[in-house]
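Commentary on secondary and tertiary structure
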Amino acid sequence: MKIRVLTLFPRMFDCLNESIIGRAIKSGKLDFEAVDIRAYSKDKHQKCDDTPYGGGAGMVMTAQPIYDCINAVDPTHEYVRIYMSPKGEKLSDGLCRGLAANDNILLLCGHYEGVDQRVLDLCIDREISIGDYVLSGGELAAMVVIDGVSRFVDGVLGSAMSHEDESFSAGGMLEYPQYTRPPEFMGRKVPEVLLNGNHKEIDKYRKQQSLEITARLRPDLIGKD
């Protein structure tokens with residue numbers, strides 16, 4: 001999968017070179033690049049923002065650098081073009097899975113008070129939000145999308161089953177508790193059922209735990225498709 005992020009602050013994405021995503025980039029499972037929008041500004045000072053028409057606080061990212069950047073990166077519109085926005089569709093496990101079916105994804109990160117609406121109308125396919133709150137820019141939200149989507153790309157996770165057993169994947173339930181060595185820590189023991197090697201009983205126990213945890217912490221998920 002190719003992922004291109006358009007941002008005023010490409011160095012913020014250096015952290016993606018670590019852990020699972022970093023290994024996927026190094027191995028070629030993910031082709032990732034953070035593209036600096038400023039490089040496409042026609043202003044002699046590479047300015048990419050201006051005051052909003054109609055007044056108001058803050059600055060708005062101008063259309064020209066974004067428009068030229070998008071068309072330089074994706075001249076034939078082969079990418080799914082996404083703008084990270086609190087007005088967008090709420091990110092979910094299902095949405096991540098759906099996006100992972102695409103070969104190419106482009107994420108536009110706004111900043112300040114947002115971007116000129118005209119460039120969104122001309123270039124963007126969909127808007128996505130990671131929650132009902134406002135961040136100073138779309139960079140952190142884009143990282144969340146990249147991490148969530150990448151887990152569904154073949155070969156990114158060490159085990160093909162890893163994402164199937166996680167919260168929201170197995171029937172929409174929250175994940176069951178996990179344990180590892182030692183079998184006892186600070187007087188707390190690993191449940192005996194996990195130690196007996198009976199995989200049928202282990203599976204039954206985990207499903208029951210998932211149901212109980214979901215009912216207690218996220219009852220809204222019970223019965224949800």
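Every value quoted in this text rests on a predicted model; they were computed, and no experiment measured them. Counting of residues starts from 1 at the beginning of each chain's written sequence and follows it residue by residue. Only residues with pLDDT of at least 70 get local features here, since the model is predicted, and only at 80 or more are side-chain atom pairs given and counted; chain-wide, interface and lining totals rely on the full set of residues. To obtain the side-chain values, all non-hydrogen atoms of the structure were included, while hydrogens and water were left out.

Brief notes about the nonpolar core
- Phe13 and Leu107 are the most contacted members of the largest nonpolar core, which has 30 residues in total.
- Residue assignment for this core shows that the elements contributing at least two residues are β1 (2-7), α1 (19-27), β5 (80-90), α3 (93-99), β6 (104-109) and α5 (139-150).
- Under the scheme used here, helices are H or I runs from DSSP no shorter than 4 residues and strands are E runs no shorter than 2 residues, and both carry numbers assigned from the N terminus. If one sorts the elements of this core by residue count, α5 sits on top with 6 residues.
- The residues touching Leu107, leaving out its near neighbours within four places in the chain, are Arg4, Val5, Leu6, Ile82, Met84, Ala142, Val145 and Ile146.
- Among buried residues, those of type Ala, Val, Leu, Ile, Met, Phe, Trp, Tyr and Cys that are joined through side-chain atoms within 4.5 Å constitute a nonpolar core. Burial classes: relative accessible area under 20% of the type maximum marks a residue as buried, over 50% as exposed, and values in between as partly exposed (1.4 Å probe, protein chains only). In this structure, Ile66, Val73, Tyr79 and Tyr83 belong to the second largest nonpolar core, which totals 19 residues. It only takes one pair of heavy atoms within 4.5 Å for two residues to be counted as in contact.

Focus on a nonpolar patch on the surface
- What makes a patch is a set of residues exposed beyond 30% relative accessible area and free of salt bridges, joined within 9 Å when like-charged and within 5 Å when nonpolar (Val, Leu, Ile, Met, Phe, Trp, Tyr). Per-residue and other accessible areas were derived by the Shrake-Rupley procedure at a 1.4 Å probe size, with only the shown protein chains allowed to occlude residues. Salt bridges are identified by distance alone: a Lys or Arg side-chain nitrogen within 4 Å of an Asp or Glu carboxyl oxygen. Nonpolar side chains collect at one region of the surface, where Met12, Tyr133, Leu135 and Leu140 lie side by side and expose about 360 Å² of accessible area between them.
- With respect to the element layout, Leu140 can be found in helix α5.
- Overall, Leu140 belongs to the partly exposed group, its relative accessible area being 49%.

Here's the deal with the environment of Ile105
- Relative to the elements of secondary structure, Ile105 occurs in strand β6.
- For the pair Ile105 and Lys224, spaced 119 residues apart in sequence, the C-alpha to C-alpha distance is 28 Å.
- Beyond its immediate sequence surroundings of up to four residues, Ile105 is in contact with Met1, Lys2, Ile3, Arg4, Tyr79, Val80, Ile82, Leu99 and Val149.

Re the pairing of β1
- Where burial is concerned, most of β1 is hidden: 5 out of the 6 residues are buried.
- At least two bridges found by DSSP between two strands are what make those strands a pair. Pairing of β1 with strand β2 (residues 31-36), which is carried by 6 bridges, proceeds in the parallel orientation. In the strand pairing of β2, Thr7 is matched with Asp36.
- Handedness of a crossover is defined as follows: orient the strands so they point away from the viewer, and if the path from the first strand over the helix to the second runs clockwise, the crossover is right-handed. Handedness of the crossover joining β1 and β2 through α1: right-handed.
- Direction of pairing for β1 relative to β6: parallel, over a ladder of 5 bridges. Looking across to β6, one finds that Lys2 is bridged to Asn104.

Looking at the sheet that holds β1
- Taken in spatial order, the 5 strands make up an open sheet running β2-β1-β6-β5-β7, and their pairing is parallel. The sheet terminates laterally at β2 and β7 (126-129), the two strands that pair on one side only. Adjacent strand axes in the sheet meet at a mean angle of 30° when their direction is disregarded.
- Packing against the sheet, α5 makes contact with β1, β2, β5, β6 and β7, and its axis sits at approximately 160° to β6. Where helices are involved, their axes are fitted lines through C-alpha atoms of the stretch in contact, as for all axes, and angles between N-to-C directions lie from 0 to 180°.

Observations regarding the pattern of salt bridges
- Taken as a whole and assessed by the stated rule, the structure comprises 9 salt bridges.
- Between Asp31 and Arg4 there is a salt bridge, with its nearest N and O atoms 3.1 Å apart. You can see Asp31 sitting in strand β2 and its partner Arg4 sitting in strand β1, a full 27 residues away along the chain.
- Exposure remark for Asp31: the relative accessible area of 32% places this residue in the partly exposed category.
- Linking Asp74 and Arg81 is a salt bridge whose minimum nitrogen-to-oxygen distance equals 2.9 Å.

Description of unusual backbone geometry
- Of note, the bond from Arg181 into Pro182 is cis; its omega dihedral lies within 30 degrees of zero at 5°.
- Turning to its location among the elements, Pro182 is positioned in the loop between α5 and β8 (184-185).
- Of note in this structure, Ser19 is not a glycine but carries a positive phi near 55°.
- Looking at the secondary structure, you find Ser19 in helix α1.
- Given a relative accessible area of 51%, Ser19 falls into the exposed group.
- In this structure, His77 is a non-glycine residue whose phi angle is positive, near 55°.
- Within the element layout of this structure, His77 appears in the loop between α2 (63-73) and β5.
- When its relative accessible area of 39% is taken as the criterion, His77 is described as partly exposed.

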